[in-house]
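Examination of the molecular architecture
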Amino acid sequence: MTDKPLSIAIDGPAGAGKSTVSKLVALRLGLQYVDTGAMYRGVALKALRRGAARDDEAQLTAIAENIQFAFKVENPSENELSVRVFVDGEEVTKEIRTPEAGNMASVVSAVSGVRRALVAQQKKMGAARGVVMEGRDIGTVVMPGAPVKIFLTASARERARRRTLELEDKGTPQAYEQVLAEIQERDHRDSTRADSPLKPAADSVTVNTDGMSIAQVVDEIFRIAEKTIT
């Protein structure tokens with residue numbers, strides 16, 4: 001492709017497959033992977049453990065301002081990257097993926113103070129380039145200068161179907177209707193919040209993954225990146 005460090009920003013709603021696809025794109029291109037959603041989930045986990053109220057913006061902001069993250073990539077293979085997430089030195093890879101942490105993450109991500117604190121960390125991560133960073137506002141706020149910006153999406157029903165299967169595989173099943181309602185609620189919160197609402201960057205390419213396999217999505221992003229920088 002190119003010898004220059006490449007940055008790819010991948011945004012999209014909950015359940016669109018950003019994490020899996022971003023890890024595989026990073027592996028294929030030999031780039032660092034940064035999961036910004038895990039950072040908001042880390043703040044959410046801390047908040048839940050401390051019993052912070054969902055509307056206590058001062059406490060939620062303080063947690064975000066004093067939290068430290070580390071990502072450790074292990075066991076790369078042809079189809080997957082295992083990413084371990086550490087918060088203040090403690091591994092929380094599994095703990096941040098519970099439905100409770102996910103719902104709280106959507107709440108804390110709408111707090112301006114939390115966003116300012118975490119975006120500052122994310123900008124530092126992206127400044128050196130050579131990264132695939134995924135989240136909700138990477139192309140619009142965190143890395144607006146990234147040469148490749150992708151908005152990865154899928155219908156709410158398709159995302160709910162995938163999430164229901166994922167929860168079943170993890171042994172924490174939820175009813176499809178409940179998962180769908182939670183996704184629709186998160187979509188509304190994320191797209192209507194005053195601070196950095198979820199939306200495609202003006203120069204991003206939208207990829208709708210309905211009916212596409214993970215491999216097909218990765219191939220499509222690779223083609224977009226190749227076309228963008230050549």
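The present account deals with the structure reproduced in this document. Residue positions within a chain follow its written sequence, with the count starting from 1. Reporting in this predicted model follows two pLDDT cut-offs: at least 70 for local features of residues, and 80 or more for side-chain atom pairs to be given and counted; totals over whole chains, interfaces and linings ignore these cut-offs and use all residues. To obtain the side-chain values, all non-hydrogen atoms of the structure were used and water was disregarded.

1. Some details on the overall build of the protein chain
Helical segments are the DSSP runs of H or I of at least four residues, strand segments are the runs of E of at least two, and each set is numbered from the N terminus. Regarding its fold elements, the protein chain presents nine helices and eight strands. In the protein chain, which comprises 230 residues, the proportion classed as buried is 48%. For the protein chain, the exposed area adds up to about 10,900 Å²; of that, 50% sits on carbon and sulfur atoms. Side-chain charges in the protein chain split into 32 positive and 32 negative, and the spacing between the mean points of these groups amounts to 3 Å. A simple rule labels every residue: compare its accessible area, found with a 1.4 Å probe on the protein chains alone, to the largest value its type can have, and call it buried under 20%, exposed over 50%, or partly exposed in between. The Shrake-Rupley method, run with a 1.4 Å probe sphere, supplies the accessible areas, and residue values consider only the shown protein chains as cover. Counted as positive: Lys and Arg. Counted as negative: Asp and Glu. His and the chain ends are not counted at all. Here the site of a charge means NZ on Lys, CZ on Arg, CG on Asp, or CD on Glu.

2. Quick word on helix H2 (residues 36-50)
Side chains of residues three or four places apart in an α-helix project in the same direction, reflecting 3.6 residues per turn. Helix span, as expected, comes to 1.5 Å for every residue beyond the first. The end-to-end C-alpha distance of H2 is 22 Å, a good match for the 21 Å that 15 residues give at a rise of 1.5 Å each. Every buried residue belonging to H2 is among Thr-36, Ala-38, Met-39, Tyr-40, Arg-41, Gly-42, Val-43, Ala-44, Leu-45 and Ala-47, and all of these are buried. In protein, a polar contact requires one atom able to donate a hydrogen and another able to accept it; more generally it is a pair of N or O atoms within 3.5 Å, and residues adjacent in sequence count only if both atoms are side-chain atoms. Sitting at the head of H2, Asp-35 places a side-chain oxygen 3.0 Å from the backbone nitrogen of Gly-37. Immediately downstream of H2, the backbone of Gly-51 shows phi near 70°, a positive value.

3. What to know about the sheet that holds strand E8 (residues 205-208)
Across the sheet, five strands lie side by side as E2-E6-E1-E7-E8; this open sheet has parallel pairing. Looking at the sheet topology across the chains shown, the edges are occupied by strand E2 (32-35) and E8. Strand-to-strand twist of the sheet, defined as the mean angle between neighbouring strand axes without regard to direction, takes the value 20°. DSSP-based pairing: two strands are paired if at least 2 bridges between them are found. As defined by bridge partners, strand E7 (residues 148-153) adjoins E8 across four bridges and the pair is classed as parallel. In the strand pairing of E8, Thr-153 is matched with Asn-208. Should any heavy atoms of two residues lie within 4.5 Å, those residues are considered in contact. For every element, the axis is a line fit to its C-alpha atoms; helices are fit only across the contacting stretch, and the angle between N-to-C directions ranges from 0 to 180 degrees. In this fold H2 packs onto E2 and strand E6 (131-135), with an angle of close to 40° to the strand it touches most, E2. Sitting on the sheet, helix H9 (residues 214-229) touches strand E1 (8-11), E7 and E8, and the angle it makes with E7 is about 155°.

4. Some details on unusual backbone geometry
One non-glycine residue, Asp-88, lies in positive phi territory at about 50°. As for its position among the elements, Asp-88 is in the loop between strand E4 (82-87) and strand E5 (90-91). By relative accessible area, which is 38% here, Asp-88 ends up partly exposed.

5. Points about the sheet that holds E4
Spatially, three strands are ordered E3-E4-E5 in an open sheet, and the strand pairing comes out antiparallel. The two strands at the open ends of the sheet, each matched to only one other strand, are strand E3 (69-74) and E5. In the packing of H2 onto the sheet, the strands contacted are E3, E4 and E5, and the crossing angle to E3 comes to about 125°.

6. A word on the nonpolar core
Inside soluble globular proteins, nonpolar side chains tend to come together where they are buried. The definition of a nonpolar core used throughout is a set of buried Ala, Val, Leu, Ile, Met, Phe, Trp, Tyr and Cys residues joined through side-chain atoms within 4.5 Å. Ranked by internal contacts, the top residues of the largest apolar core, which has 34 residues, are Val-43, Leu-60, Phe-69, Met-104, Val-114, Leu-118 and Met-143. Those elements that place two or more of their residues in this core are H2, helix H3 (57-65), E4, helix H4 (99-108), helix H5 (112-127), E6 and helix H6 (138-142). Residue contributions to this core peak at seven residues, all from H2. If near-sequence neighbours (up to four positions away) are discounted, Met-143 is found in contact with Ser-7, Ile-8, Ala-9, Gly-126, Val-131, Met-133, Ile-138 and Lys-149. Counting residues in hydrophobic clusters, the runner-up holds 20 residues, among them Ala-26, Val-83, Val-217 and Ile-221.

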